[in-house]
Structures are given as C-alpha cells and as structure tokens.
Amino acid sequence: MPALRCPSVRAVSPVVVALLLSTPAAADPPPCPNGEAPPCSNIVGVVEPRRPSEPVQPIPAPATPPGRELTAADVAADPLPGDEGGRIDRGGGGSTWRQIGRGVLYVPRLMFDFALAPFRAGLWANERYQLGERYDRVFYNDAKTIGLYPTLSIDSALGITAGAGFVHRDLFGEHEELTLQAAAGSRYRQIYSARLASGNRFDGVKLELDAGYERRPHDAFYGIGNGDRVMTTSAPIDPRVDSTSIESHYRQYRSRLALTADVRAWRQLHVRPAAAVSSVEFGSPDQGEPIVGLYDPRGLVGWDGVRYGYAELELRWDDRHGVTTMEPLAVYSAGSLASVFAGRIVQFDAGRDFWRYGFDLEKFLRVADGPRVLAARLHGEAVTGNRYEVPFVELPALGGPLYLRGYALDQFRDRVAAFGSLAYEWDLSQWFSASVFVDVGRVYPDVGALSLDHLRMGYGVSLEAHHVESFVLEGSIGSSIDGGLFLNLSFNPVYDLDQRVRRR
Amino acid sequence: MKSTALGLGLGLGLAISAGCGGGSGVPGARFANAPAVTAVNDRRDVPRAPAPRQLLLDVYHFDAIVKRPVDRALELDPPHRARGVNALDEVPDSTWFTNRIGARELSGDELQTGPITLESPELHKPWTIKSSKPGAGDVGFVVADARGEKFLIKFDAPGYPEQETATHMIVGKILWACGYNVTEDFIVHLRKEDLVLAHDASIVDMFGDKHPLDRAEVDRRLATIEPEPDGRLRALASRWIAGKTLGGHPAEGVRDDDPNDRIPHEQRRDLRGAYSIFAWLDHVDVFESNFLDAWVADRGNPRVHYLKHYLIDFGKSLGVMATTGHDPRRGHAYVIDLGAMAVSLLEAGLVKRSWEGRSAPPLRGVGLFEAQTFDPGRWKPDYQVYAPFLAADRFDKFWGAKIAIRFTREQVHALVETGQLSDPRAVEYVTDTLVARQRATAAYWFARVNPLDHFTAYSDRLCFDDLAIAYDFAKPATTHYEVTRYDRAAHKLGALGARGEAGGRACVALTLDPGGDGYTMLDITTHRPDFTGSTFVHVARDPASGSPRVIGIWRL
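One numbering rule holds for all chains: residues counted from 1, following each sequence as written. Note on labels: chains are lettered from A, ligands numbered from 1, in written order. Given that the model is predicted, a residue must reach a pLDDT of at least 70 before its local features are reported, and side-chain atom pairs must reach 80 or more before they are shown or counted; all residues, however, enter totals for whole chains, interfaces and linings. Water and hydrogen atoms were dropped before computing side-chain values, which therefore reflect all heavy atoms in the structure.

**Details of the overall build of chain A**
No. 1: Broken down by element type, chain A carries four helices and 18 strands.
No. 2: Contacts are assigned to residue pairs that have any heavy atoms within 4.5 Å of one another. At a minimum sequence separation of 6, the contacts of chain A that also span at least 24 residues come to 56%.
No. 3: As presented, chain A carries roughly 26,200 Å² of accessible surface, and 61% of it is formed by carbon and sulfur atoms. Think of it this way: any DSSP run of H or I at least four residues long counts as a helix, any run of E at least two long counts as a strand, and we number them from the N terminus. The method behind every accessible area is Shrake-Rupley, applied with a 1.4 Å probe, and residues are considered shielded solely by the protein chains displayed.

And the structure:
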C-alpha cells in the first residue's frame, strides 16, 4: 500500500491564495488570548526592562571564561566547525534546473577562464618572479639613476615603434639628466634622440638641450587653407592659390638641435627663451597617395628641403592648480594660463626669414566636487611670411588631438590659425575622469581675414587616466560638423602647451 | 456559484493543510533539542606548520575584480545563509572569534587593556633594531625591547600626525572587544638614541635577500618622520604575533593545509558579519594582507599546535585612508568601481554623489571621518575583493550591528582615549562620530531583520528583547507582535498578540505542544508602521529538567 503523500506547498498554494482572497478576516491580527481586542496588552508581567546602555546577556553563557583564552582541552568535547548549527533538517544541493544550468554554463566558464589565462599568467609571472625589479637589477645601477629601458610607442598613423633608451638621472650630482633613445618601426620609421636637462644645477632656471633625428614615412597633407575635403582631383593643385583639400602623403626626415630655458621670473610668471636649428627633407611616402601626385610640387614651398634656425621668447603665467588636497594633482580645477610668444625663423637656404607669434589662454572653473570643471582654451598662431615664403610644414596648423579634435591631424594649415575649446570635465573615480568637448577653429590666409565665418567645429568625449600625482593617458572620440570619426590616444595632457621647437 | 466553488477549494486546501506539515508554508522542526553550542573544537593539533601563503597582489585583485565575479555568475551558486553559527544564530567561540562585549561585563579598564598582556615597551628601552619593516612603503622597524620582546614599530605618515597611530589603537581595541583577535599595540614615544642597531640588522628586499642595515640608513628613514613638538617621535608598537605567521586567510574556500578550517570563508558568519562593524569603523583596508594566520602553540599544552586567525593593520580606518589617499570616495565607492564609474559616466556628473561635500575636521589626529554621509547599507571597502563581504546577507550584517550597538558611549569614549590624541576636542569628535555611526548602523539593520533577541523561555512565557525599542529606534506604542504557534510538524496550534513594552523587553504566553518533548515553534512577527518582520523561535522541554528552553532561532 503506497504511503500517504502530502502535497507540496507549491501544489496547494493556489488554494491557500484563494483562502486569503476570500476571507478578509484572515488578514486581521489574531485575537488576544485574554479576550481583548488587538492590540493586546502583554499577558505576562513585563520583566524589568534593560537600559539600552547595559550589556545584554546572550543565552547560553559564553564558553570563554572572562579574560581567559580557550585551550585545546577546553573545547575537546565541542563539535567541529560546521557542526555547530544544531540543525536536524538538511538543505538540498540546489534545484535540478540549477544543476542543468551549471552544466550548460560550464563550457562558457571554461572559455572565459581560458581567454583570461594569458593575461593572468603574465601578471602572475611578473609578480611571482618580480620581473620588473629583476629588470631594474640588471639594467639599472643600485641607486636607479643610470639604466637602460625599452621604449614602445603606438601612433595611429605611424604604427608601432619600438626601441631602447639610456638614462643617467644624476650626471653631475644635481639631478642633471641625460637621455639617449633609439627606436624604429620600419626602414622609414626611425627616431634617434639625445637630451640633456640641467635638473637642480641652476636655482630657478631649467635648461634643456636636445638633439634628434626622425624619419617619418607617411605624414598626411591636406593642402593649405580652410577648404572642404574632396575625394578626387583632376589636375595637380597649387596649394598656394587653391584651398581644395585632398588627403595625400609624404615622407619627412627631420634633424634638430634645440636649446630651451625656463626662468621663473616672479611668482607664476616664467620667461622661456628657446632656440633651434632644423633640417627637413621630404620624399615619397611608403604608403598612401603621394603628395606630388595630387599637389603641384612647385606650390609646396620647401619641398626640396629646408634648413633654418629659430629663436623664440615666451612669457607664460601659469597658476593652474587643484582646489583641495583631495583632487588629483594631474587635474586642474582652478586657475589660468596665459602665454604669448614671438620667434624669428631664419632660413639658411633660399627663402625669406619670417616671424612666428601667438598666444595661448586657458581658464579652469571648478563647478562642483569631484572635481567637475569647465575648461576653456584659446590658441592663436600666425606667421609673417606669405604662402610663397613659408615652408608648407611650418604653416600654423589645426586638427588632431591637441587643436581641433574631430579632424585629421594637421588637416588645416595657413598663415593664421585660431582655435577655441570648451570642455566640461567630471570625475569617474579618483583615477579616471571624462569630458565632453567642443572645439572650434579655422585657418586664415592673413590676420585681416579673421572672422567667425566657415568655422570648423569638432566635438566628442574623452576619457583620462591619472594617478594621484601624474597624468597617465587620454583617449578621445571626436567627430565634427564635417563628419568622420577620430580616435585619439595621447600620453600628453591636452592642456600642456605645444613646444614649437620640438614640433614634428 | 463562484463563491461556492471557492469555498470547496478552500475546504480542500484547509484539509490538506491540516493533514500535512508545511501546508502553511512553515517548515517543520529544524533544531535538535539540545543546548546551543558555545564553542567549536578548531584547536585540534596541526602537528606541522602549514606553508605561509604567498599573496600576489596584482593576481589577487585581477581574480577578485575580473575573473571571480564572472565565474561566480556562471556557477549559478545560490546565496547561502552563513555557517559557523549556532542554533541561536550566534557565533560560537573559536580561533577566529571570541564572544566578548555583550557576552560578559567588560570594565573600562579591560576595554582599554584589550588583548595586551605585558607592559609597554616604552618602559623597556633601548630597543634593538633587528630589521626594517617587511614589505615596501612606510617607514618601520622590527625591534626587540630591553626584555627581548619583539615589536613592529610604525610611524604616522608625514603631514598626518597622530592619525594612523591613534586610529590603529582605537580600532584595534574595538575589534578586540567585538570578539576578533588583534595584535597587542602600544602608542610609544622615542628619540633616535632609543634605537640601537643589532650587529646583524638587515633590510629584506622583495626578493627575500638580506642587506645590511646601517645607522645612516636608519637615520635617513627616521628623518622622514614628523617629530612631536617636544622633538620625540610618536610611533605605534605592535607586539610580534606569537608562533609562525602564515599570511592572511584566503577570501574564498578554506586553507587546504588546516584540518580545522572546515567552513568556506565566504560562508563564515564572523567574517561576513564583520561588514557592519568595519562599516561602522570605516575600516576600508580589507584584503588578504590585513588578515594574518599564525600557527601557535596551545596555551594549555604547548605540544599541541593550531592556527589562530588575526585581523591586523587598522591604521587607515576612521577616515584616515581618505585623508592619506586624498580621496573622499573611500567608504562610498571601491577604488576601482566599474559600476560607479559607469553610472558617473552616464550621469555626466550632474547627480550629486554621496561622498561629495565631505571634509576632514580641522583636528589633529582625525581623518575624514564623519557620520553625515554614512550609509550603513552602501558602505564599501577599498576593493571589491573580500568574498565574505560580497556574500554577506542582511542576517550577517544584523549580527554585526548587534555587536556594534553594545558599546555604550562611555565605553566608546574610553576606547577612543587609548589613541592618545593630543587634542581633547579630537577625542570628543571621534567619540561622537563613532556613536552616531554606531546608531546609524544598528538603526539600518534593525529595520531589515526582525530585531528580536535574547529569547528566554520560562514555564509559562517566552520573553525577548526588541532591540529596536531597547536602543530607542522604535517606539513601543506603535509596535505590536503577532505570535503564531506551531507543533514540530508545522501544524498551527494557535495565535496571540502582544504589544511593545518600554525598554524593549516583552513577554508572551508560552504553551508547549503537549506531545513528545513539547517541540513548539513560535512565529513572532513584529509590526511597526514602517516595518514587518518575523522570527521563528523553537522551544522544547529540557529532557533533564522538564523546563522549556529555547533550542533555536530562525530569522526571516
């Protein structure tokens, strides 16, 4: 005879629900045992209430005698951990559906772990064997002032460039720093540089001397002027007179020797003289449409190569800062920067000398904790020579991650460039912040042509990573009223001013 | 017609319910008729010392933040109620936890003394430097005092005088009183000449290689410490933990090499419930390095060894992590908080975050510690890595809150005084803030679990404390209890009601099931205007005395 089986709770639940629905009285408080209407008075005399400040007495009394630690002998007869619950019921191991689900998800889980394994193994090996420290042991001296290090850079246009560097951070005992670097990405992509910085050698004055040679295989050129981009052209364009813009490429070999100084004159006012001699040669690119196929070489001033000297004086007031110690040092939330400069370019070969001059203004306004900041930038730059005198690569340019995001790098060039930017930045965490920005600007053939007509406007969002004390990197996605989508990754803050003597 | 059909259905339902336990949805007998366990035997001999755990921090964080959350989701593991609790939902004494405050009277002196069993090393100078502090980072030394007792001495971070040393003292004493094992700590003052160098003093680098530690290096390190106005250096001296130290416990699972470690750590109530206590204390520095297991000799029989489990390094609690880390988010968001970052990204900073507007009081020795923005349910440690906290449920947090609220203001004040803060206003501020956060913690969790406790069965009544009333979070006039009795098969025996009483101690009539050992379950549901919650109290006759006794509690 089969045993009488009770229906499960699930089986009778519709009936119970019906009971609850059909009998409103069931929801009423239960009757008081002494016949009172609810709420009931307590049926047993109230025990002396305990004051909140009095320690309560759990039941039963604790095992540990006051002030004495238990010993192995004290607990020898007690249950093992896990058996202390006093339970006589035992829970199941999970529903069948859950077991089936686990089985189904086992493979995805394995795949996930497998996909992570290389990265995790790298972390493990680095930490387990202290690879970074071991590297330092081999390639640096004990004081870590002299050493060799690898370099790697990723450029959206030029690809991966890898190399090595040597650094001596205390050359003559006052933290003078010597850096030598060599890197290559291909036959046409090479960088060699040497840099010597004065460190603390001179009180209030910092000097830097650097020399470099760089082979860039396929820089882009989009013509001169504020012209709209086209996809094709029927005849070579003379960029000096025709602002039609079409993407073309050229190779550039650049040699440079530069000396810069920073003298703190008064409070946040710095005087920054700089001088450089440069030599630039051009040629056909290793990829992309060659510049000479689209543009008339006669219109590309300096195409046969240029050698020139440049001397500049900049006055810079910089009191950008954070407002509280709780803000990362890499994030400006208040203050401003104002900079004016003027420099003379002396051409060693044919071509007239000319001036370069301009200004930068930055203002940071903290609007809330985080910090959340409104940041405004203005940049203006001009040259005095005309389009027939100034080498095409020396014309002020806009476009790219620094000036006019949402456009290609150096998409616009001409004798005058004007640019403005407004950004709203907000924190995502202590280490990350985001911003939305609008960049506006255009180039002009001369100062008299300045106007608000035909402005180019880019916009987008950026994400910045920083430590408490320093900037790490910034990535941005930008587009513009002219279309296109540009991803930029930069290891320099957008609010750091461009160093003209070290331009590409 | 419809009502007739319904009535038939009703009758059938009632008949089934009456005939079968569980028809009411109430489970049957759950607990053995036995006294609750007050201690567990996790002191069985572990004859050989387990190997120290090697913590690889990057891998640890990667696993905890990236790998394990996905793995856990794919494992479809349901939430588990905590283990390591007795039938009364309390934690028995063990090598992890010892019931102290609330379990017995703790005098002010005992609270201030805490785990300390010997005189301060300040009375036993000079100190001989054995080595630099293990690990990178802050300045510190391992020293032996004139008695030969070994201590680790650490200093306050420059620019933050008294903060870490005072905080470590205060929080260590509180955690000890709560029931955890902590180090024996002392605030000490020293001059450079109080430190002498052992002939074999060493610096241990990260490869484990020893290098000689010379006087010049000691002086160079001490020069980075901010002196007191009288020129002395203030430091914290932590007595070296006895036995062989083995590193922290794994956040998930058990130590495979410890046979006494039988409950997966993410299921341990004493670890999960620490969430409320750590939140109260803003002890955000929670990861494996801040726990320490030691293989120790039994005090009664030195030939027996087992593992004892410590909490260490509390100096970044009480808002000190926020000040020294320059981050007001601490306690409100994880350092790497992908969820909070995504929300902030979408909100574009237009919505005020809970940590905004926080600032440290201008008091020497006090970190960014305040109660105004404290949310006991949303508090977060620095990293999303400690599995017991991720698994903790409201019952665990209720347990922790019960412990936290047991400290009186006077006791808190006495504990804060152990930090030896030089500004009396700082002592009052920290005390006030601790009390405010303590009450916020208890108020929060007492509103999420039926806060009835300390059940006592008498011959004719069952009495209990309503903690919400006892600690003035609820009014007795607006509280009433609905009590339903069931037999061991969950058959309903009857119902009655009672109202809240001043002081929180209330009693209801107790009539046991006449059959067998009288196993009776009382479902006590508390009703307040903004709260309803139930607790099942299991009562049976003690076979020895025949008197009723509480044999188990099951909170819903």
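**Points about the side chain of Asn 260 of chain B**
No. 1: Locating Asn 260 of chain B in the fold gives a position in the loop between strand 8 (244-245) and helix 6 (269-272).
No. 2: Overall, the relative accessible area of 5% leaves Asn 260 of chain B in the buried class.
No. 3: Identification of polar contacts relies on pairs of N or O atoms within 3.5 Å, with a donor-acceptor requirement for protein atoms, meaning one able to donate a hydrogen and the other able to accept it, and with residues adjacent in sequence counted only if both atoms are side-chain atoms. Within the structure, Asn 260 of chain B has its side chain in polar contact with the backbone oxygen of Arg 44 of chain B (distance 2.9 Å).
No. 4: Once you skip the residues sitting within four places of it in the chain, Asn 260 of chain B turns out to touch Pro 81 of chain A together with Asn 41, Asp 42, Arg 43, Arg 44, Val 46 and Tyr 306 of chain B. For the exposure calls, accessible area comes from a 1.4 Å probe over protein chains only, and a residue counts as buried if that area is under 20% of its type's maximum, exposed if over 50%, partly exposed in between.

**Structural notes on the sheet that holds strand 7 (residues 233-239) of chain B**
Residues and elements named next belong to chain B.
No. 1: Note on pairing: two strands pair once DSSP finds at least 2 bridges between them. Taken in spatial order, the seven strands make up an open sheet running 4-7-3-2-1-5-6, and their pairing is mixed. In this open sheet, the two strands that pair with only one neighbour each are strand 4 (185-190) and strand 6 (210-212). With direction set aside, neighbouring strand axes in the sheet form an average angle of 30°.
No. 2: Two elements, strand 1 (residues 127-132) and strand 5 (residues 195-204), share four bridges in a ladder whose sense is parallel. Residue Trp 127 lies in a different strand from strand 5, and its bridge partner there is Leu 195. Orientation is described by lines fitted to C-alpha atoms, with helices fitted over the stretch in contact, and by angles between N-to-C directions that extend from 0 to 180 degrees.

**Quick word on the pattern of salt bridges**
All names here are of chain B.
No. 1: By definition, a salt bridge exists where a carboxyl oxygen of Asp or Glu is found within 4 Å of a side-chain nitrogen of Lys or Arg. Summed over the entire model, instances satisfying the criterion amount to 93 salt bridges over all chains.
No. 2: Between Asp 219 and Arg 215 there is a salt bridge, with its nearest N and O atoms 3.3 Å apart. Highlighted residues: Asp 219 and Arg 215, both in helix 5 (residues 215-222), separated by four residues, approximately one helical turn.
No. 3: Residue Arg 215 is classed as partly exposed on the basis of its relative accessible area, which comes to 30%.
No. 4: For Asp 453, the salt bridge is made with Arg 555, and the minimal N-O distance between the two is 3.3 Å. Highlighted residues: Asp 453 in strand 11 (residues 452-457) and Arg 555 in strand 18 (residues 548-555), separated in sequence by 102 residues. In terms of burial, Asp 453 and Arg 555 fall into one category: buried.
No. 5: Connected through salt bridges with shared partners, the residues Asp 89, Glu 90, Arg 269, Arg 272, Asp 393, Asp 396, Lys 402, Asp 453 and Arg 555 form a single ionic network.

**Things to note about the domain arrangement of chain B**
No. 1: An automatic or database domain assignment supplies the residue ranges for each domain. Considered domain by domain, chain B is made up of domain 1 (117-241) and domain 2 (452-555).
No. 2: The C-alpha centroid of domain 2 of chain B is placed 52 Å from the C-alpha centroid of domain 1 of chain B.

**Observations regarding unusual backbone geometry**
Glycine aside, a negative phi is what most residues show, and trans is what most peptide bonds show.
No. 1: Of note, the bond from Gly 370 of chain A into Pro 371 of chain A is cis; its omega dihedral lies within 30 degrees of zero at 0°.
No. 2: Its location among the elements puts Pro 371 of chain A in the loop between strand 10 (354-368) and strand 11 (372-383).
No. 3: Note that the residue after Lys 125 of chain B, namely Pro 126 of chain B, is joined by a cis bond; omega there is 5°.
No. 4: Within the fold, Pro 126 of chain B resides in the loop between helix 3 (108-113) and strand 1.
No. 5: In this model, Ala 490 of chain B sits at a positive phi of 70°, which is unusual for a non-glycine residue.
No. 6: Here Ala 490 of chain B is to be found in the loop between strand 13 (480-487) and strand 14 (492-499).

**A short note on the pairing of strand 10 of chain A**
Residues and elements named next belong to chain A.
No. 1: Here strand 9 (residues 335-347) pairs with strand 10 via 11 bridges, running antiparallel. Looking across to strand 10, one finds that Ala 342 is bridged to Tyr 357.
No. 2: Once strand 9 ends, the chain turns through six residues before running back antiparallel as strand 10, passing Gly 351 with a positive phi of about 115°.
No. 3: In this sheet, strand 11 lies alongside strand 10 in antiparallel orientation, the contact comprising 12 bridges. When the sheet's bridge partners are listed, Ala 368 is paired in strand 11 with Arg 372.
No. 4: Between strand 10 and strand 11, which pair antiparallel one after the other, the connecting turn spans three residues, and Gly 370 there sits at a positive phi close to 135°.

**Describing the side chain of Ser 131 of chain B**
No. 1: Tracing the backbone through its elements, the reader meets Ser 131 of chain B in strand 1.
No. 2: On the accessibility criterion, Ser 131 of chain B (13% relative accessible area) is buried.

**Observations concerning the packing of aromatic side chains**
No. 1: The rule is short: rings of Phe, Tyr and Trp, with Trp giving its six-membered ring, pair when the centres are within 6.5 Å, and they are stacked under 30 degrees, edge-to-face over 60, tilted in between. Tallied over the full model, the rule gives 34 aromatic pairs over all chains.
No. 2: Ring geometry for Tyr 386 of chain B versus Phe 389 of chain B: centroids 5.1 Å apart, planes at 90°, classification edge-to-face.
No. 3: On the basis of an interplanar angle of 45° and a centroid distance of 6.5 Å, the ring pair of Phe 446 of chain B and Tyr 471 of chain B is categorised as tilted. Within this pair, whereas Phe 446 of chain B is found in helix 13 (residues 424-446), its partner Tyr 471 of chain B is found in the loop between helix 14 (467-470) and strand 13, the two being separated by 25 residues in sequence. Grouping residues by exposure puts Phe 446 of chain B and Tyr 471 of chain B together as buried.
No. 4: Grouped by ring-pair contacts, the aromatic residues Phe 221, Tyr 250, Phe 282, Tyr 295, Trp 303 and Phe 392 of chain A constitute a single cluster.
No. 5: We call a charge positioned over a ring when the NZ of a Lys or the CZ of an Arg lies within 6 Å of the ring centre and within 35 degrees of the ring normal. Across the ring face of Trp 127 of chain B, the terminal group of Lys 125 of chain B is positioned such that the distance to the ring centre comes to 5.6 Å.

**Description of the sheet that holds strand 13 of chain B**
Residue and element names in this part refer to chain B.
No. 1: If you walk across this open sheet you meet the five strands as 14-13-16-17-18, and the pairing is antiparallel. Each end of this open sheet is capped by a strand with a single partner; those strands are strand 14 and strand 18. Strand-to-strand twist in this sheet, taken as the mean axis angle between neighbours without regard to direction, amounts to 25°.
No. 2: Where strand 17 (residues 531-541) meets strand 18, seven bridges bridge the pair, whose relative direction is antiparallel. Within strand 18, the residue paired with His 538 across the bridge is Gly 552.

**Here we look at the environment of Arg 189 of chain A**
Residue and element names in this part refer to chain A.
No. 1: In this structure, Arg 189 sits in strand 4 (residues 189-197).
No. 2: The exposure class of Arg 189 is buried, given its relative accessible area of 5%.
No. 3: The spatial distance from the C-alpha of Arg 189 to the C-alpha of Leu 463 is 29 Å, given a sequence separation of 274 residues.
No. 4: Dropping the residues within four chain positions of it, Arg 189 is found in contact with Leu 158, Thr 161, Ala 183, Ala 184, Glu 214, Arg 215, Arg 216 and Pro 217.
No. 5: Only 2.7 Å separates the side chain of Arg 189 from the side chain of Glu 214, close enough to count as a polar contact.

**Considering the confidence of the model for chain B**
No. 1: Mean pLDDT over chain B works out to 92, with 95% of the residues at or above the 70 mark.
No. 2: Scored from 0 to 100, pLDDT records how confident the predictor is in each individual residue. Ignoring residues within four places in sequence, the model shows residues 1-23 of chain B, a span with pLDDT below 50, making 27 contacts including any to other chains.

**Overview of helix 2 (residues 57-75) of chain B**
Side chains that are three or four residues apart share a direction in an α-helix, a result of its 3.6 residues per turn.
No. 1: Largest kink in helix 2 of chain B: about 45°, centred on Lys 67 of chain B, with the proline Pro 69 of chain B one to four residues after it.
No. 2: In this fold, the buried residues of helix 2 of chain B make contact with helix 2 (96-128) of chain A.
No. 3: Leu 76 of chain B, located one to two residues past helix 2 of chain B, shows a positive phi value of around 55°. Bend, in this description, refers to the angle at a residue between axes fitted to the seven residues ending there and the seven starting there.

**Observations concerning the nonpolar core**
No. 1: Definition of nonpolar core: a set of buried residues of the types Ala, Val, Leu, Ile, Met, Phe, Trp, Tyr and Cys, connected through side-chain atoms within 4.5 Å. Membership of the largest hydrophobic core comes to 65 residues, with the highest contact counts inside it found for Ile 174, Leu 175, Tyr 180, Phe 407 and Leu 434 of chain B.
No. 2: Listing elements by their share of this core, those giving two or more residues are helix 4 (163-178), helix 7 (274-281), helix 10 (387-391), helix 11 (394-404), helix 12 (409-417), helix 13 and helix 14 of chain B.
No. 3: Each of domain 1 (117-241) and domain 2 (452-555) of chain B contributes no fewer than three residues to this core.
No. 4: Each residue touching Leu 175 of chain B, except ones within four places of it in the same chain, is listed here: Tyr 180, Val 182, Ile 277, Phe 278, Leu 281, His 283, Leu 311 and Phe 314 of chain B.
No. 5: Listed in part, the 27 residues of the second largest apolar core include Ile 291, Leu 294, Leu 300 and Val 383 of chain A.

**Structural notes on the pairing of strand 18 of chain B**
No. 1: Counting buried positions along strand 18 of chain B gives eight out of eight residues, so the element sits mostly inside the fold.
No. 2: Linking two consecutive strands that pair antiparallel, namely strand 17 of chain B and strand 18 of chain B, is a turn of six residues; a positive phi of about 80° is found at Gly 546 of chain B within it.

**Topic: the packing of helix 2 of chain A against helix 2 of chain B**
No. 1: Close contact between helix 2 of chain A and helix 2 of chain B brings their axes to 10 Å; oriented N to C, the two are set at 175°. Taken together, the axes of helix 2 of chain A and helix 2 of chain B lie roughly antiparallel to each other. Where helix 2 of chain A abuts helix 2 of chain B, its residues Arg 102, Leu 105, Pro 108, Arg 109, Phe 112, Asp 113, Leu 116, Phe 119, Arg 120, Leu 123, Trp 124 and Glu 127 of chain A lie against Leu 57, Asp 58, Val 59, Phe 62, Asp 63, Val 66, Lys 67, Arg 68, Val 70, Asp 71, Leu 74 and Glu 75 of chain B.
No. 2: Residues are sorted three ways: Asp, Glu, Lys and Arg are charged, Ala, Val, Leu, Ile, Met, Phe, Trp, Tyr, Cys and Pro are nonpolar, and all the rest, Gly among them, are polar. Split into classes, the residues belonging to the contact of helix 2 of chain A with helix 2 of chain B amount to 13 nonpolar, no polar and 11 charged. By definition in this entry, angles of less than 35 degrees are roughly parallel, angles greater than 145 are roughly antiparallel, angles of 65 to 115 are roughly perpendicular, and the rest are oblique.

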